[in-house]
Amino acid sequence: MSTPEVNGSNGFPPLPPTISNSVIDAPAAVAEVENMLMRQVPMGAQPQTDILHLPGFDPDVLIPRFRALSHGCYLLHFQPTASSFFSYYGTMRVERNGFNTTASGDLYQHNNFTFIFRPFPNFGIIRVPNPGPNPANGIPILSRSQYRYYVRVTQILEFITLSNSFTLGYELHKYDAATATWSLESTNSAVMQWTTAPAGYPLSSQYLEGDVKDASGAVVGKLSMGWISKYFRKATIEIAKVSASETPLNSGSGIDWQDIFDAVSWEVDVKLSDTSLSEPSGISWSDAEMHASMLANRDAISLDKEWRYYLICVRRLDSTTRGIMFDAFATDSNNVPREGAGISSHWVIPNENPWGLVKGQRFGTATAPYFRTAVHELGHAMGLYHNTADNGFMNTTETIANTGTAATPFPNNILWNYNSEDQRRLRHLPDMWVRPGGKAFGSAFTTAPISPLDEITAHVDGMELKLEMVNRVIPIGAPARLNATLVNNSGMPQPGPSSLSLKSGFVSGKVIDPAGMERTFKPLVLCMDEDVLDLIDDGDSRSHAMTLLRGAQGALFPSPGLYTIVVDAKWETEGIPYKVSSQTQVMVTGAQDEAHANAAMDILCTPDALLSLVLNGDHLTEGNAAIQSALSNPVLRPHYAYIEAKRLMQRQGDRKPDLKAAAQLLEEETIMNASEVKKAAKLVQAASDKAPKTAVQKLQKCLKQQATVTGVSDETKEMIAAL
Amino acid sequence: MWIVRWSVTLCALLLMGCANSDALVPPASSEPAPAVAANAEGVTMPHTADLAQTILGAWIKQSADACAEQYADTIQFEENGLFSASGGAIVFWDAGHYAIRAQNAVMISNAYDAEIVYTVTVVADILTFTDESGCTFSYQRM
């Protein structure tokens, strides 16, 4: 390819030649840009032009030099303004995946100085600087007792920038060692600027610094991040065995430990230790025996200096068939959880289906499932639970065997990777969740913070989502009702959702509790409709109200406190995903008395209460019973009266609509949102001709009053007036 | 002659045995075998084969005792010996295999693959477990 000539008369290069009609090989172009970005850029240099060799393009194209973050681990250092005596060191894991970037980090407290007492007669204290981790040593392993924060990155450079800086946004989740839980402490941001790296960093072009500001804009410290490794985490897997057992080293088809962990960016060092362990009490080992053997025979290490997992291979296991993570909790003899796992080599696979190609074999000779079990058990040691979403490592052997087919019998149907969600967990869960000796096994994933998956969505300037709570304060056990309005102030018509109803599928969100835990909500029922998008005129809006009670993780408001509700409206136009988000707050107050507490507990502990709220079926006995419990309590009754009335106003099998009973429920204090008022009006209208006039009049009066406070549309008001 | 008489007698006895086995085996109970057995508390328990059928399906936890906190809110037993469980702040039962061990015992694998045997009773639509520590907790059929 030819090089464009520089116009020597004015020092400026000529304009790039007209781009031909050649098709741009996008992946190759991205790769070429990425390669350029790995080159060092001198400090203070202005963005330079570079020659981009685009496959299929002739001549070459001159483009400005870009910057981007590199995939891998960055050494993180935060020096708070408030104190010079201590700071925080840790790692930030930057996952680059095409255009998307997901990042997370952990911080450990570091004493900046060591104090030495000078004895008599030169009595005094000498302050000696205590350096942090040496970047030349790669990923640092820091002491568990010094672990302080999880860094949940919410904003980071996605792809490339022409600038010398980008904004990093993150939440700091403070770790409470006593309860082994995290809570949101602060939300910060920093403009991170590329600058010259101090000595020792392997990639001097990937070092950044910036002042950290808190939510109020005050500077709270200085943050630096410097690239130190292409891996996110590093660990040692020590494998020991009795002489009769096989060593699980690979799948038998070329996949070994490093291959598996390369996929999640973990650097693993597999060490084979004892090969002839003594069997303490016959061929079968108890959990305690495996644990004792681990303590007695394991290489001398400190889990504060090395992440080491121990795998022991024995002939049989007392407490299970194939494998077990014998060290789940901190109740074992050394009170350190998740250090080790054991597998059985002499279990004989039943000689029957569904065991496919390995039926009847001794387990240790069935290389593929034997190795898979070893990986599976160490996955538990890394804090993972069973995952039946696919045939990946954390699914159970029985389940995978049961999904074998004649064409793909077990073990050929084993998927030789972790499920994508487990991959995310291994990359981005907090250190204390995954490292050996950290947090005990057994807490639900929802109790741990984790950086959000990145998604590229477009934003339309001028499109805004507004949220308004029907009640900003609700008692515990009550649902949260809010109105959502998507407004187009862009100056021109824009395609957007025809409805913001949860059933439309465009709306979802999450609720953040006072401790920072997130619980998501999605539509329970989706209505499939061809005309899902329409044009929203400039100045026009789409509104709908929603009632939130439960989500994927259970009750959305399970305890008193201040909650943040985040609502996302997402839609796709011409293949481009758009998203508009907003958030609001609701205060949940505590139980006012024992009766209220009991009624709230009935609602919170009954999953079917959500079904009753959404589907209103007579057959939903569990959910309806919970609703009745709420109705019998004066505190919760106003929040559930409409839900029960809605059920009664609808025909259910042989039962006719009962407007009389509904009229007795709906009162002035009943809490409804605009959508519920509209729905109620429709139901009354549909059943009014066969209902007692007094019931219809009472309902009309109630709905008229509700219409004035909920801000219903004129159409709804006319419908109510016509009842 | 004596041999012939003995043989005829033996054949006759055998023929009588074929016609009426009660003559050659200990007398059976005068009542038909019950479909369920009663334990010491008088609670009816299904036989092993019945328990394998009775336990199938989805169950939702009823107990609110602290000792039962680690057990999932819901559990579903499949016919192929697999189960799935969900809900709760503690992950102890999530997904795995189970097996009926006796007419009142079921083995369930847990979240870190230990296989634990529970004593079970089924009364109407209530499935009650007792674990190794003596914690008793119940589920209702969904």
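Residues numbered from 1 in each chain as written. Chains lettered and ligands numbered in written order. Predicted model: local features only at pLDDT ≥ 70, side-chain atom pairs only at ≥ 80, totals over all residues. Heavy atoms only, no water.

1. Some remarks on the overall build of chain B
- Of the regular secondary structure elements, chain B holds two helices and ten strands.
- Taken from the N to the C terminus, the helices and strands of chain B come in the order α-β-β-α-β-β-β-β-β-β-β-β.
- For chain B, the residues scored as buried account for 37% of the 142 residues in total.
- A sequence separation of at least 24 residues applies to 33% of the contacts in chain B between residues at least 6 apart.
- Only carbon and sulfur atoms are counted for the fraction: they give 60% of the accessible area of chain B, which is about 8000 Å². (Helix = DSSP H or I, 4+ residues; strand = E, 2+ residues; numbered from the N terminus. Buried < 20%, exposed > 50% of the residue type's maximum accessible area, 1.4 Å probe, protein only. Contact = heavy atoms within 4.5 Å. Areas by Shrake-Rupley, 256 points an atom, 1.4 Å probe, with all protein chains shown as cover.)

2. Notes on the overall build of chain A
- Along its length, chain A carries 15 helices and 31 strands.
- Across the 723 residues that make up chain A, the buried fraction comes to 51%.
- Considering only contacts within chain A whose residues lie at least 6 apart along the sequence, 66% involve residues at least 24 apart.
- As displayed, chain A offers around 32200 Å² of accessible surface, 52% of which is attributable to carbon and sulfur atoms.

3. Quick look at unusual backbone geometry
Residue and element names in this part refer to chain A.
- Here the amide bond leading from asparagine 353 into proline 354 is cis, since omega sits at 20 degrees, within 30 degrees of zero.
- Following the sequence through the fold, proline 354 ends up in the loop between strand E19 (340–344) and helix H4 (367–381).
- Between phenylalanine 410 and the following residue, proline 411, the backbone shows a cis peptide bond with an omega angle of 5 degrees.
- By the secondary structure assignment, proline 411 is in the loop between helix H5 (397–402) and helix H6 (420–428).
- One non-glycine residue, serine 265, lies in the positive phi region at around 60 degrees.
- Note that serine 265 resides in the loop between helix H2 (257–262) and strand E14 (266–272).
- A relative accessible area of 8% means that serine 265 is categorised as buried.
- Backbone geometry places asparagine 335, a non-glycine residue, at a positive phi of 55 degrees.
- Looking at where asparagine 335 falls in the secondary structure, it is placed in the loop between strand E18 (323–324) and E19.

4. Some thoughts on the nonpolar core
- Counting 107 residues, the largest nonpolar core has Trp257(A), Phe261(A), Trp266(A), Phe77(B), Trp93(B), Tyr118(B) and Phe129(B) as the members making the most contacts within it.
- Among residues more than four places away in sequence, those in contact with Tyr118(B) are Tyr71(B), Phe92(B), Trp93(B), Asn104(B), Ala105(B), Val106(B), Ile108(B), Phe129(B), Thr130(B), Asp131(B) and Phe137(B).
- The next biggest cluster of nonpolar side chains, apart from the first, holds 76 residues, and it includes Leu549(A), Tyr578(A), Ala695(A) and Val712(A). (Core = buried A, V, L, I, M, F, W, Y, C linked by side-chain atoms within 4.5 Å.)

5. Quick notes on the sheet that holds strand E13 (residues 233–241) of chain A
All names here are of chain A.
- Taken in spatial order, the five strands line up as E14-E13-E16-E19-E18 in an open sheet, and their pairing is mixed. Single-partner strands in this sheet number two, and they are E14 and E18.
- Here E13 pairs with E14 via seven bridges, running parallel. Opposite lysine 234, over in E14, you have glutamate 267 as the bridge partner.
- Strands E13, strand E16 (308–314), E18 and E19 of the sheet are contacted by helix H3 (residues 287–297), whose axis makes an angle of about 125 degrees with E16. (Pairing = 2+ DSSP bridges. Axes fitted to C-alpha atoms, helices over the stretch in contact; angles between N-to-C directions.)

6. Observations concerning the state of the cysteines
All names here are of chain B.
- Applying the stated criterion to the full structure yields one disulfide over all chains.
- The residue that forms a disulfide with cysteine 67 is cysteine 135, at a sulfur-sulfur distance of 2.0 Å. Taking the sign of the S-S torsion, about 75 degrees here, the bridge from cysteine 67 to cysteine 135 comes out right-handed. Taken together, the residues cysteine 67 in the loop between strand E3 (57–61) and strand E4 (74–77) and cysteine 135 in the loop between strand E9 (126–130) and strand E10 (136–141) connect sequence positions 68 residues apart. (Disulfide = S-S within 2.5 Å.)

7. Remarks on the interface of chain A and chain B
- Across the contact, 25 residues belong to chain A and 18 residues belong to chain B.
- For chain A, the biggest contributors to the area lost against chain B are His386(A), Glu398(A) and Asn402(A); these three give 24% of the whole.
- Applying the counting rule to chain A against chain B returns zero salt bridges.
- Of all elements in the fold, only E18, H4 and H5 of chain A reach the threshold of two or more residues within the side of chain A that touches chain B. (Buried area = accessible area lost by both parts, 1.4 Å probe. Salt bridge = Lys/Arg side-chain N within 4 Å of Asp/Glu carboxyl O.)

8. Description of the sheet that holds strand E10 (residues 181–194) of chain A
- Read around the barrel, eight strands follow the order E3-E4-E5-E8-E9-E10-E11-E12 (chain A) and close on themselves; strand pairing throughout is antiparallel. Between one strand and the next, the sheet's axes are offset by a mean angle of 30 degrees, whatever the strand orientation.

9. So, the pattern of salt bridges
- The tally for this structure, following the rule as stated, stands at 25 salt bridges over all chains.
- One salt-bridge network, held together by shared partners, links Arg93(A), Asp106(A), Arg233(A) and Asp431(A).

10. Looking at H6(A)
All names here are of chain A.
- Most of H6 is tucked away: seven of the nine residues are buried.
- Listing the buried residues of H6 in full gives Asp422, Gln423, Arg424, Arg425, Leu426, Arg427 and His428.
- Tucked into the core, H6 has its buried residues touching strand E4 (86–97), strand E5 (100–111), strand E8 (147–155), E13, E14 and helix H7 (431–434).
- Capping of H6 at its N-terminal end is provided by asparagine 419; its side-chain oxygen lies 2.9 Å from the backbone amide nitrogen of glutamate 421. (Polar contact = N/O pair within 3.5 Å; in protein donor to acceptor, adjacent residues only side chain to side chain.)

11. Side note on the confidence of the model for chain A
Residue and element names in this part refer to chain A.
- Averaged over chain A, the pLDDT score is 87; the fraction of residues at 70 or greater is 88%.
- Predicted confidence for residues 1–30 stays below pLDDT 50, and this span has 31 contacts to residues more than four positions away or in other chains.
- Contacts of residues 37–49 to residues separated by more than four positions or lying in other chains number 26 contacts, the stretch itself having pLDDT below 50. (pLDDT = per-residue confidence, 0-100.)

12. Examining a nonpolar patch on the surface
Residues and elements named next belong to chain A.
- Judged by side-chain polarity, Phe85, Phe115, Phe117 and Ile125 come together as a nonpolar surface patch covering roughly 470 Å² of accessible area.
- Here phenylalanine 117 lies in strand E6 (residues 113–118).
- Since its relative accessible area comes to 64%, phenylalanine 117 is described here as exposed. (Patch = residues over 30% accessible without salt bridge, like charges linked within 9 Å, V, L, I, M, F, W, Y side chains within 5 Å.)

13. Re the packing of aromatic side chains
- All told, the structure shown has 42 aromatic pairs over all chains when counted by the stated rule.
- Between Phe92(B) and Tyr112(B), the ring centres sit 6.4 Å apart and the planes meet at 75 degrees, which makes this aromatic pair edge-to-face. On the criterion of sequence distance, the pair formed by Phe92(B) in the loop between strand E5 (82–86) and strand E6 (95–102) and Tyr112(B) in the loop between strand E7 (105–109) and strand E8 (115–123) is long-range, its members being 20 residues apart.
- Look at Phe92(B) and you get buried, because its relative accessible area is 7%.
- Among the residues examined, Tyr112(B) registers a relative accessible area of 12% and is labelled buried.
- Taken together through their ring pairs, the aromatic side chains of Tyr385(A), Trp433(A), Phe441(A), Phe445(A), Tyr71(B), Phe92(B), Trp93(B), Tyr112(B), Tyr118(B), Phe129(B), Phe137(B) and Tyr139(B) make up a single cluster.
- The side chain of Arg127(A) reaches across the aromatic face of Phe113(A), ending 4.2 Å from its centre.
- The ring of Trp347(A) carries the charged tip of Arg322(A) above its face, separated from the ring centre by 5.0 Å. (Phe/Tyr/Trp six-rings, centres within 6.5 Å; stacked < 30°, edge-to-face > 60°. Lys NZ or Arg CZ within 6 Å of the ring centre and 35° of its normal.)

14. Side note on the pairing of E8(B)
All names here are of chain B.
- Sheet analysis places E7 next to E8, joined by five bridges and oriented antiparallel. If you follow valine 106 over to E8, its bridge partner there is tyrosine 118.
- The antiparallel pairing of E7 with E8 creates a hairpin that spans five residues between the two strands, and aspartate 113 there sits at a positive phi of about 80 degrees.
- Pairing between E8 and E9: five bridges, direction antiparallel. When the sheet's bridge partners are listed, threonine 121 is paired in E9 with threonine 128.
- Between the antiparallel neighbours E8 and E9 lie two residues, among them alanine 124 with a positive phi of about 55 degrees.

15. Some thoughts on a positive patch on the surface
- On the surface, a cluster of positive charge is contributed by Lys503(A), Lys678(A), Lys679(A) and Lys682(A).
- You can see Lys678(A) is positioned in helix H13 (residues 674–687). (Lys, Arg positive; Asp, Glu negative; His and termini not counted. Charge placed at Lys NZ, Arg CZ, Asp CG, Glu CD.)

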